[in-house]
Amino acid sequence: MYNKILTTILFLLLTTVALGQAQITGSVTDNKKQAIPGVSVALKDTYDGTTTDSSGHFRIRTTEKGTITVVASATGYETKIQTITLAGQPVQLDFALKEKISELNAVTVTAGAFGGGMGKKGLTVLSSLDVQTTAGANADISRAVNTLPGAQQISNQEGLFVRGGDSYEAKQFIDGSLVNRPYYLSASNIPSRGRYPATLFKGFAFSTGGYSALYGQALSSVLIMETIDLPQQSEANAFISPIQNSLGIQQLAKNGKSSFGFNYQYTNTSLYYALVKQTPDYFIRPRFHNADANFRIKTQNGMIKYYTTFSYNKLGVRNFNIDSVDMKTALTLSNYNWFNAISWKENLGDGWKMTLSASYSITHDSIRSQLQDAHNVPQYTFEKYWLDTVNFRLDRKESLVQGKAVIEKRFSNLNTIRFGSEYWYSQYDFVYNSVNKHLPDQLTAGFAETELYFTNSLVATVGVRAEYSSILQKAKVAPRASLAYRMGKGSTISAAYGQFYQKPENSYLQVSPSLDYTKATHYIINYQRQVRGTFLRVEAFYKQYEDLVKTVPSYNNSGSGYAKGVELYFRDKSTFKHLDYSLSYSYLDTKRDYLNYPTALMPGIAANHTATASVKRFITKIGTGASLTYTFATGRPYYAILPDGSGKTYYIKDQGKTNGYQTLDLSIYHLTRMGKAAAIWYASATNLLGRTNIAGYNYSYNAMVKQPILPPAQRTFFVGLILNWGIDRRQDAIDNL
């Protein structure tokens with residue numbers, strides 16, 4: 001009897017409550033009408049709420065009445081609210097959530113911006129350790145970058161030759177400042193190294209086209225290098241080898257807010273050349289001095305960095321003169337370079353950021369050329385112009401002062417506006433025998449760029465750059481645009497367009513200062529996939545050249561050309577433990593009508609097909625790693641172009657194509673300890689297969705005689721010991737694989 005009474009009471013109470021409840025049902029979708037599971041749907045200021053099921057639907061029962069605010073929220077989406085009125089009747093309520101744009105999830109434009117290093121957002125090209133462990137690079141930044149698609153394998157010249165462009169069309173920037181002369185001076189057909197050690201930088205971003213409006217005066221590509229911030233702790237380091245020795249320190253302040261450092265490096269090839277025979281006669285063995293210093297300090301919300309380096313090199317090289325039977329040409333070269341750069345980055349609050357940079361550099365080249373007899377005695381008097389011109393003295397001095405300011409405003413949805421200005425003052429002094437030239441120039445530039453994020457998967461960048469050169473007395477406006485769309489997890493397709501202008505080289509302006517800008521227009525489409533330690537990149541491009549410099553019959557801007565091609569890059573760091581391998585391939589079709597070319601020709605710096613395979617393996621048990629790189633390129637064209645009888649036109653007297661280029665390079669490093677120092681033994685060798693790679697041909701004045709251009713030695717070898725006190729960099733080497 002008691003149980004029946006209790007059951008009746010509970011039934012009446014539940015019935016009363018149920019009759020007083022309202023039911024809210026609905027669904028939650030995204031902008032593409034796709035259901036979103038797990039979305040929290042709640043009545044504001046109450047305890048009533050639920051989450052959506054796997055089909056995006058929800059149901060809420062509530063005893064609330066009157067006007068109620070319903071809130072739908074989920075991670076990665078913007079919260080949405082709706083107001084309803086509850087009067088005991090069921091309510092149908094649907095939400096469409098908009099994806100929240102965040103820096104972590106937003107897509108990045110990758111067209112033209114190479115991401116081989118698989119760094120954050122795929123824009124870091126190579127780390128400092130990548131450069132040091134790439135076989136054949138010998139820790140030289142440009143040589144490591146040359147293993148990436150788009151860069152040509154030019155064995156007889158230093159620099160970056162990108163997509164058919166000459167080396168002066170690729171520019172390098174340190175902390176936002178242009179590096180005017182990044183390489184040591186060397187003799188013709190003997191490549192030199194870059195001046196800057198890879199360990200100075202956090203990483204390297206390599207753009208093969210379509211780059212930001214913040215960068216100018218580069219027709220083909222830019223290599224952006226950013227120096228490291230404060231070191232982890234104070235350290236000292238040394239490098240010891242038969243060729244090169246260096247010593248450096250980095251001192252971190254006790255409060256961890258500032259640091260300074262010094263490095264000195266001396267290179268002398270005398271011992272090496274005594275052991276490894278060189279084809280040229282080096283009567284002055286190449287010697288290099290390099291000293292640098294840095295200072296960094298944290299500011300309230302940013303950092304100021306100063307870097308300075310001074311370098312000097314000298315060499316003397318003698319070769320047989322191709323225009324005579326027993327004469328020789330002796331070159332004595334010396335060079336010094338001083339580079340200073342200071343930068344200040346500061347977050348100003350409320351999304352505003354400021355970047356200021358300034359630099360000063362000066363370079364002086366001194367070149368003496370002398371005709372000598374078989375006994376190395378100077379010869380001066382001839383009646384043949386092709387021998388008389390061998391004797392000359394050339395001094396040239398280049399200085400550059402530049403300042404740059406970039407202001408950036410980032411809004412809450414990541415949309416960004418970036419604008420600023422740039423000023424360069426350059427001076428070029430040239431003395432050739434008794435001929436003097438003085439070329440000052442002031443280049444002023446303004447730029448603006450905006451990034452528009454429509455969703456996390458779609459972003460567009462639109463920019464414009466305007467430049468005025470006082471020596472050309474002309475201004476140019478260069479529009480640039482890019483678009484990126486995320487197709488799926490890790491997959492992005494993007495496209496870029498841009499116009500790029502560059503002043504003619506000083507060697508042309510000293511003959512004719514009335515020249516105009518040269519111009520290139522880039523069209524790029526790119527697909528990139530980055531998933532679980534693997535990286536795939538496919539890119540197609542078309543580049544149109546206009547207003548290139550012609551030197552015949554007079555200096556003018558009537559030259560033109562094009563470059564088009566496809567590039568493929570694949571890198572895998574995860575399938576095999578401690579094994580990192582990559583494959584790259586470039587197809588290039590290019591022709592130019594410039595300089596003294598009688599018609600449009602494929603330039604001698606271009607090969608149709610270039611491929612590189614690289615593998616790095618680290619064996620933990622013995623603390624040893626090895627890197628092997630194989631590079632192949634099809635032959636490059638060569639020409640003997642001579643003036644006709646009038647001297648107003650040129651014709652091709654001889655032409656051909658070199659054999660394909662091949663090289664197999666190896667580097668090995670072993671990690672150990674020597675006392676309190678972390679030590680890395682390093683050894684490398686190039687061209688293990690002993691391939692004879694001909695870079696082209698030198699011709700006599702009448703093209704009746706030609707000689708192959710060969711490297712000074714068929715192979716190069718390098719051994720060294722790196723010592724570190726304070727920071728154990730051995731773990732970096734392990735983590736890199």
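The structure displayed is predicted, hence computed values, not measured ones.

### Let's talk about the side chain of arginine 571
Note on placement: arginine 571 falls in strand β29 (residues 556-572). For arginine 571, the side chain forms a polar contact with the side chain of aspartate 130, separated by 3.4 Å. There is a polar contact of 2.6 Å between the side chain of arginine 571 and the side chain of aspartate 580.

### Describing the packing of aromatic side chains
Think of a pair of aromatic rings as described by two things: how far the centres are apart, and how the planes are tilted against each other in angle. A complete count under the given rule lists 27 aromatic pairs for this structure. Centroid distance tyrosine 508 to tyrosine 555: 6.4 Å. Interplanar angle 50°. Geometry classified as tilted. Of this pair, tyrosine 508 sits in helix α6 (residues 506-509) while tyrosine 555 is found in the loop between β28 (534-550) and β29, placing the two residues 47 residues apart along the sequence. The exposure class of tyrosine 508 is buried, given its relative accessible area of 15%. A ring pair is formed by tyrosine 523 and tyrosine 542, whose centres lie 6.3 Å apart and whose planes are at 40°; its orientation type is tilted. Residue tyrosine 523 is found in strand β27 (residues 518-531), and its partner tyrosine 542 is found in strand β28; the two are separated by 19 residues along the sequence. Since its relative accessible area comes to 42%, tyrosine 523 is described here as partly exposed. Taken together, the aromatic side chains of Phe392, Tyr428, Phe430 and Tyr432 make up a single cluster linked through ring pairs. Sitting over the ring of tyrosine 545, arginine 592 keeps its end group 4.1 Å from the ring centre.

### Here's the deal with the domain arrangement of the chain
Splitting the chain by domain gives domain 1 (21-99) and domain 2 (113-231 + 241-736). Using C-alpha coordinates to define each centre, domain 1 is positioned 58 Å away from domain 2.

### Details of the side chain of serine 177
For serine 177, the location among the structural elements is in strand β10 (residues 177-178). With relative accessibility at 2%, the residue serine 177 sits in the buried group. In contact with serine 177, other than residues within four places in its own chain, are Gln172, Ser357, Ala358, Ser359 and Gln402.

### So, the environment of alanine 205
Structurally, the position occupied by alanine 205 is in strand β11 (residues 201-207). For alanine 205, a relative accessible area of 24% puts it in the partly exposed group. Separated by 364 residues in sequence, alanine 205 and tyrosine 569 have C-alpha atoms that sit 16 Å apart.

### Here we look at the pattern of salt bridges
Counted by the stated rule, this structure contains 30 salt bridges. Note that aspartate 365 is salt-bridged to arginine 181, the shortest N-O span being 2.9 Å. Residue aspartate 365 is located in strand β19 (residues 352-372), and its partner arginine 181 is located in the loop between β10 and β11; the two are separated by 184 residues in the primary sequence. With respect to class, aspartate 365 is no different from arginine 181; both count as buried. Across the pair lysine 706 and aspartate 654 runs a salt bridge whose closest N-O atoms are separated by 3.3 Å. Placement of the pair is lysine 706 in strand β38 (residues 706-708) and aspartate 654 in strand β34 (residues 650-657), with a sequence separation of 52 residues. Note on lysine 706: relative accessible area 36%, which makes it partly exposed.

### Regarding the sheet that holds β11
As a general point, the strands of a sheet are linked pairwise by backbone hydrogen bonds and lie either parallel or antiparallel. The mixed open sheet is built from 5 strands, whose spatial order is β8-β11-β12-β9-β10. Of all strands in the sheet, those bounded by a partner on one side alone are β8 (126-127) and β10. When strand β9 (residues 170-174) meets β10, the two strands line up antiparallel, connected through 2 bridges. Within β10, the position partnered with phenylalanine 173 by the bridge is leucine 178.

### What about a nonpolar patch on the surface?
The grouping of Ile249, Phe260, Phe262, Phe295, Ile297, Tyr306 and Ile342 at the surface amounts to a nonpolar patch, some 580 Å² of accessible area in total. When residues of the nonpolar patch are traced back to their parent elements, those giving at least two are β15 (258-268) and β16 (281-298). Tracing the backbone through its elements, the reader meets isoleucine 297 in strand β16.

### Some details on the pairing of strand β1 (residues 22-29)
The buried count for β1 comes to 7 of 8 residues, which makes it a mostly enclosed element. Examined bridge by bridge, β1 and strand β4 (residues 57-62) share 6 bridges and lie antiparallel to one another. Bridge assignment links serine 27 to a residue of β4, and that residue is histidine 57. Here β1 runs beside strand β7 (residues 91-96); their pairing, made up of 6 bridges, is parallel. Within β7, the residue paired with valine 28 across the bridge is phenylalanine 95.

### Digging into the sheet that holds strand β2 (residues 40-43)
Strand order across the open sheet formed by 4 strands is β3-β2-β5-β6, with antiparallel pairing between neighbours. At either margin of the open sheet sits one strand with a lone partner, and together these are β3 (49-51) and β6 (80-86). The mean inter-strand angle of the sheet, taken between neighbouring strand axes irrespective of direction, is 20°. Note: strand β5 (residues 66-73) against β6, 7 bridges, orientation antiparallel. Residue pairing for β6: threonine 69 is matched across the bridge by threonine 83.

### Description of the confidence of the model for the chain
The predicted model of the chain has a mean per-residue pLDDT of 89, with 93% of residues at 70 or higher. Here residues 12-18 is a poorly scored stretch, pLDDT under 50, and it has 0 contacts once near neighbours within four places are set aside; other chains count. The model gives residues 115-123 a pLDDT under 50, and that stretch makes 32 contacts with residues more than four places away or in other chains.

Definitions and limits used
- Each chain has its residues counted from 1, running along the sequence as written.
- Only residues with pLDDT of at least 70 are given local features in this predicted model, and only at 80 or more are side-chain atom pairs given and counted; all residues enter the totals for whole chains, interfaces and linings.
- Computation of side-chain values covers all heavy atoms of the structure but excludes hydrogens and water.
- For helices the rule is a DSSP run of H or I covering at least 4 residues; for strands it is a run of E covering at least 2, with both sets numbered from the N terminus onward.
- Throughout this description, a polar contact denotes any pair of N or O atoms lying within 3.5 Å of each other; where both atoms belong to protein, one of them has to be capable of donating a hydrogen while the other can accept it, and for residues adjacent in sequence the pair is counted only when both atoms sit in side chains.
- Each Phe, Tyr or Trp ring, with Trp reduced to its six-membered ring, pairs with another whose centre is within 6.5 Å; inter-plane angles below 30 degrees give stacked pairs, above 60 give edge-to-face pairs, and intermediate values give tilted ones.
- Accessible area is worked out with a 1.4 Å probe on protein chains only. A residue is then buried under 20% of its type maximum, exposed over 50%, and partly exposed in between.
- By definition, being over a ring means that NZ of Lys or CZ of Arg is both within 6 Å of the ring centre and within 35 degrees of the ring normal.
- Boundaries of every domain are those given by an automatic assignment or by a domain database.
- In this description, contact between two residues means that some pair of their heavy atoms is separated by no more than 4.5 Å.
- Each reported salt bridge corresponds to a side-chain nitrogen of Lys or Arg within 4 Å of a carboxyl oxygen of Asp or Glu.
- At least two bridges found by DSSP between two strands is the condition for calling them paired.
- Patch building starts from residues that exceed 30% relative accessible area and form no salt bridge, then joins like charges within 9 Å and nonpolar side chains (Val, Leu, Ile, Met, Phe, Trp, Tyr) within 5 Å.
- With residues, only the protein chains shown are counted as cover, and all accessible areas are computed by Shrake-Rupley using a 1.4 Å probe.
- Axes here mean lines fitted to C-alpha atoms, for a helix over just the part in contact, with angles spanning 0 to 180 degrees between N-to-C directions.
- Confidence of the prediction at every residue is given by pLDDT, a number between 0 and 100.

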